[in-house]
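Coordinate analysis (summary)
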Amino acid sequence: MPFHVMLIPTLGCPANCSYCWSSEEKSPIMSIETIKEVVEWLKIFRGDSVTFTFHGGEPLLAGAEFYREALPLLVEGLSPRRLAFAIQTNLWKMTPEIAEIFAEYGVPIGSSLDGPKELNDLQRGKGYYDKTMRGYEIARDHGLNVRFITTFTSHSVKYKEDIFNFYLEKGLTLKLHPCLPSLKGDNPEKWTLNPKEYGELLIYLLDKYLENLGRIEVMNIDHLCKCVFTGRGTVCTYVDCMGDTFAVGPEGNIYPCYRFVGMPEYVMGNVYDRPTMADLAQSEAWKQMHRFKEYVDTACGKCAHIKYCRGGCPYNAIVPTNGEIKGVDPHCAAYKMIFDEISNRVNEEMFGGSSGMDNMFMPQTMKPSKPGIMSLMLKKL
């Protein structure tokens, strides 16, 4: 897995999404001094190419001046290694000034939108859609690549066709994730999408994608198909990410992933101390991630999909049980549903039956019983 460092300028966010799990109103904002320390840490930590993703909370709360200083500091400080950047933002704070800075450094944008305005604002708060689309127009006018992530909840999944058609008609790329239990409010499970519904949603989107090839991209389906085709995970959910992915919080604390930022028990070190990989490996958080990996090797050892699933996301598995490893990612059932569906369709398409992936490349020609999936398996990502 490529080296990936997620920078979390703040956990604060101006939005008030009903199901949010990562916003802290009084979160500090990362200083430029911390960015300088990130550079010094990485000089001794690893020497290979790195992708930096600014995440949050809402990273644009750091302001234009932060990015005007941070981006060249990272590029120049870590030269000559190759760097890439990205940001995940709701776009509310996007300005022409920030857009110009991002355009100079080729920063692609991920944003969040749950579908048509009425449905989106029901889940994310009144006015969210208009504010995000205003930011989107600024970013687009400056030539920035913007893609949206849709959170499917127990409510919005009932409107999956409306959501798919919204993305299709707008000419937008669809990426999705299932709603997780919220960390705020008295009813954390209210919006949560259960694994069976999530699996059914993925199969539905596979069908809709195949029906509309060339008119839309569904990133999750692309990656799931590529997992099966290559026999290895292609995104962080389906790989052993420990050692290749890290997150740095507003005050310089180092975590296994952005989803753990703000949770003291998952701090592995701090960039100001310039820890080595061996230093981080002594932390309890590192050891817990590796215990999860070992658990997956045992619990999932007989699963046909273990090589490209790896038990799913450790955060999903560990945090809901207060840090105890009692199972794999709760979405396991959904992953198995879609991986089984993809595998079966490949077998049907290539040689007319479920004879197993071992025979996947036997030179036989059969008429597929469903829209051809090999076009997705062979697609360049």
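To be clear, the structure that these remarks concern was listed above.
One structure accompanies this document, and this report is about it.

Here is what the cut-offs are and how they apply
Residues numbered from 1 in each chain as written. Predicted model: local features only at pLDDT ≥ 70, side-chain atom pairs only at ≥ 80, totals over all residues. Heavy atoms only, no water. Helix = DSSP H or I, 4+ residues; strand = E, 2+ residues; numbered from the N terminus. Rg over C-alpha atoms; globule rule 2.2 N^0.38 Å. Buried < 20%, exposed > 50% of the residue type's maximum accessible area, 1.4 Å probe, protein only. Contact = heavy atoms within 4.5 Å. Areas by Shrake-Rupley, 256 points an atom, 1.4 Å probe, with all protein chains shown as cover. Lys, Arg positive; Asp, Glu negative; His and termini not counted. Charge placed at Lys NZ, Arg CZ, Asp CG, Glu CD. Phe/Tyr/Trp six-rings, centres within 6.5 Å; stacked < 30°, edge-to-face > 60°. Lys NZ or Arg CZ within 6 Å of the ring centre and 35° of its normal. Polar contact = N/O pair within 3.5 Å; in protein donor to acceptor, adjacent residues only side chain to side chain. Core = buried A, V, L, I, M, F, W, Y, C linked by side-chain atoms within 4.5 Å. Pairing = 2+ DSSP bridges. Right-handed = clockwise from strand over helix to strand, strands pointing away. Axes fitted to C-alpha atoms, helices over the stretch in contact; angles between N-to-C directions. Parallel < 35°, antiparallel > 145°, perpendicular 65-115°, else oblique. Left-handed = near helix turned anticlockwise from the far one by under 90°.

1. Concerning the overall build of the chain
Each helix and strand in the chain was counted, giving 14 helices and nine strands. The C-alpha radius of gyration of the chain comes to 21 Å, within 12% of the 21 Å expected for a compact globule of 381 residues. Here the C-alpha coordinates of the chain stretch approximately 60 × 45 × 45 Å along the principal axes. Counting all 381 residues of the chain, 54% fall into the buried class. Sequence separation of at least 24 residues holds for 68% of the intrachain contacts in the chain that already meet a minimum separation of 6. On the chain, roughly 17,200 Å² of surface is accessible, and the fraction owed to carbon and sulfur atoms is 51%. Each charge sign in the chain was given a centre, from 41 positive and 46 negative side chains, and these centres are 3 Å apart.

2. A word on the packing of aromatic side chains
Working definition: an aromatic ring pair is given by the centre-to-centre distance plus the angle between the planes. Applying the stated criterion across every chain yields a total of 19 aromatic pairs. Seen in terms of ring centroids, Phe54 and Tyr67 are 5.1 Å apart; in terms of plane orientation they differ by 80°. Their pairing is edge-to-face. Placement of Phe54 in strand 2 (residues 50–54) and of Tyr67 in helix 2 (residues 64–77) is noted, with a sequence separation of 13 residues between them. Here Tyr67 falls in the buried class, since its relative accessible area comes to 0%. Site record: aromatic cluster; members linked through ring pairs are Phe3, Trp41, Phe45 and Phe246. In this structure, Arg46 is placed above the aromatic ring of Phe3, and the distance from its NZ or CZ to the ring centre is 4.1 Å.

3. Quick word on the side chain of Asp114
Relative to the helices and strands, Asp114 is located in the loop between strand 4 (109–112) and helix 4 (117–124). Here the side chain of Asp114 touches Gln123 through a polar contact of 2.8 Å, side chain to side chain. Side-chain polar atoms of Asp114 contact the backbone nitrogen of Thr151, separated by 3.0 Å. If sequence neighbours within four positions are ignored, Asp114 has contacts with Tyr19, Leu119, Asn120, Gln123, Arg124, Ile149, Thr150, Thr151 and Ile163.

4. Considerations on the nonpolar core
With 121 residues, the main nonpolar core has Phe52, Tyr67, Leu74, Phe102, Ile221 and Ile342 as its most contacted residues. Considering each element in turn, this core owes the most residues, nine residues, to helix 7 (residues 195–211).

5. Some words on the pairing of strand 3 (residues 83–88)
Within strand 3, five of the six residues are buried, which leaves it mostly tucked inside the rest of the structure. Sheet analysis places strand 2 next to strand 3, joined by five bridges and oriented parallel. When the sheet's bridge partners are listed, Thr51 is paired in strand 3 with Ala84. After leaving strand 2, the chain enters helix 2 and then returns to the sheet as strand 3, a path that is right-handed. Strand direction decides the pairing type here: strand 3 and strand 4, joined by two bridges, are parallel. For Gln88, the partnering residue across the bridge sits in strand 4 and is Gly110.

6. Description of the packing of helix 1 (residues 32–45) against helix 2
Put simply, helix 1 and helix 2 touch, their axes get as near as 10 Å, and they point 15° apart. In this view, helix 1 runs roughly parallel relative to helix 2, as classed from their interaxial angle. Crossing handedness for the pair helix 1 and helix 2: right-handed. Here helix 1 contributes Ile32, Ile35, Lys36, Val38, Val39 and Lys43 to the contact with helix 2, which in turn contributes Phe66, Glu69, Ala70, Leu73, Leu74 and Gly77.

7. Let's talk about helix 6 (residues 160–170)
All of the buried residues in helix 6 are Ile163, Phe164, Phe166, Tyr167 and Leu168. Where helix 6 is buried, its residues meet helix 4, helix 5 (128–141), strand 5 (146–152), strand 6 (174–178) and helix 7. Looking one or two residues beyond helix 6, the residue adopting positive phi is Gly171, at roughly 70°.

8. Section: the sheet that holds strand 4
Taken in spatial order, the nine strands make up an open sheet running 6-5-4-3-2-1-7-8-9, and their pairing is mixed. Edge strands, defined here as strands with exactly one partner in the open sheet, are strand 6 and strand 9 (269–270). Across the sheet, helix 6 lies against strand 5 and strand 6, angled at about 180° from strand 5, the strand it touches most. Of the strands in this sheet, strand 5 and strand 6 touch helix 8 (residues 219–230), which is tilted by about 80° from strand 6.

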